[in-house]
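The chain contents come next:
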Amino acid sequence: MSKKVFSPLLVLLLPLIGVILFDLDWNIFDFLIMGLLILFFSIAINLILNHLNSSKLRLILVLMLVILFLLIWAELAVGIFGTPFAGT
């Protein structure tokens, strides 16, 4: 597994700065869940890009994963679907 799979985790520095400077309401569980979510999707996208030859299929699958990631993120943050694990 290459190092570029872990580089998207650097995005978690933004909420860390928010917690330190602006009293953002994140705890260690939030960082853990978001880190696992980012890592899972990063590995999945990396596998798609490295193992599929069809650029059209790669584009479709990566777009589907990005949309799925955004939907899960929104559900965890504000509960747009009202599931039991919603963040509200």
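In what follows, the accompanying structure is described. (Residues numbered from 1 in each chain as written. Predicted model: local features only at pLDDT ≥ 70, side-chain atom pairs only at ≥ 80, totals over all residues. Heavy atoms only, no water.)

Things to note about unusual backbone geometry
For clarity, the cut-off: Only DSSP runs of H or I with at least four residues qualify as helices, and only runs of E with at least two residues qualify as strands; both kinds are numbered from the N terminus onward. Three exposure classes are used, based on accessible area relative to the maximum for each residue type with a 1.4 Å probe and protein chains only: buried under 20%, partly exposed in between, and exposed over 50%.
In this structure, Asp23 takes a positive phi of about 55° despite not being glycine. One can find Asp23 in the loop between helix H1 (13-22) and helix H2 (28-51). Among the residues examined, Asp23 registers a relative accessible area of 69% and is labelled exposed.

Side note on the packing of H2 against helix H3 (residues 55-78)
We apply this condition: For every element, the axis is a line fit to its C-alpha atoms; helices are fit only across the contacting stretch, and the angle between N-to-C directions ranges from 0 to 180 degrees. Throughout, the term roughly parallel applies to angles under 35 degrees, roughly antiparallel to angles over 145, roughly perpendicular to angles from 65 to 115, and oblique to all others. In this analysis, two residues are considered to be in contact whenever any of their non-hydrogen atoms come within 4.5 Å of each other. Note on residue categories: nonpolar means Ala, Val, Leu, Ile, Met, Phe, Trp, Tyr, Cys or Pro, charged means Asp, Glu, Lys or Arg, and polar means any other residue, Gly included.
Remark: H2 packs on H3, axes separated minimally by 10 Å, with the N-to-C direction vectors making an angle of 175°. On the basis of the axis angle, H2 is roughly antiparallel to H3. On H3, the residues that touch Ile33, Met34, Leu37, Ile38, Phe41, Ala44, Ile45, Ile48 and Leu49 of H2 are Arg58, Leu61, Val62, Leu65, Val66, Leu68, Phe69, Ile72, Trp73 and Leu76. Within the contact of H2 with H3, the residues separate by chemical class into 18 nonpolar, no polar and 1 charged.

Things to note about H2
Short version of the rule: Expected span, for any helix, means 1.5 Å times one less than how many residues it has. We define a polar contact as two N or O atoms separated by no more than 3.5 Å, with the added condition that, inside protein, one atom must be a possible hydrogen donor and the other a possible acceptor, whereas residues neighbouring each other in sequence contribute only through side-chain atom pairs.
The terminal C-alpha atoms of H2, which comprises 24 residues, lie 34 Å apart, in line with the 34 Å expected from a rise of 1.5 Å per residue. For H2, the complete set of buried residues consists of Phe31, Met34, Gly35, Leu37, Ile38, Phe41, Ser42, Ala44, Asn46 and Ile48. The inward-facing, buried residues of H2 contact H1 and H3. Its side-chain oxygen placed 3.0 Å from the backbone nitrogen of Phe29, Asn27 serves as the N-cap of H2.

Side note on the side chain of Ser42
Along the chain, the position of Ser42 falls in helix H2. Once residues within four sequence positions are removed from consideration, Ser42 is found in contact with Lys4, Val5 and Pro8.

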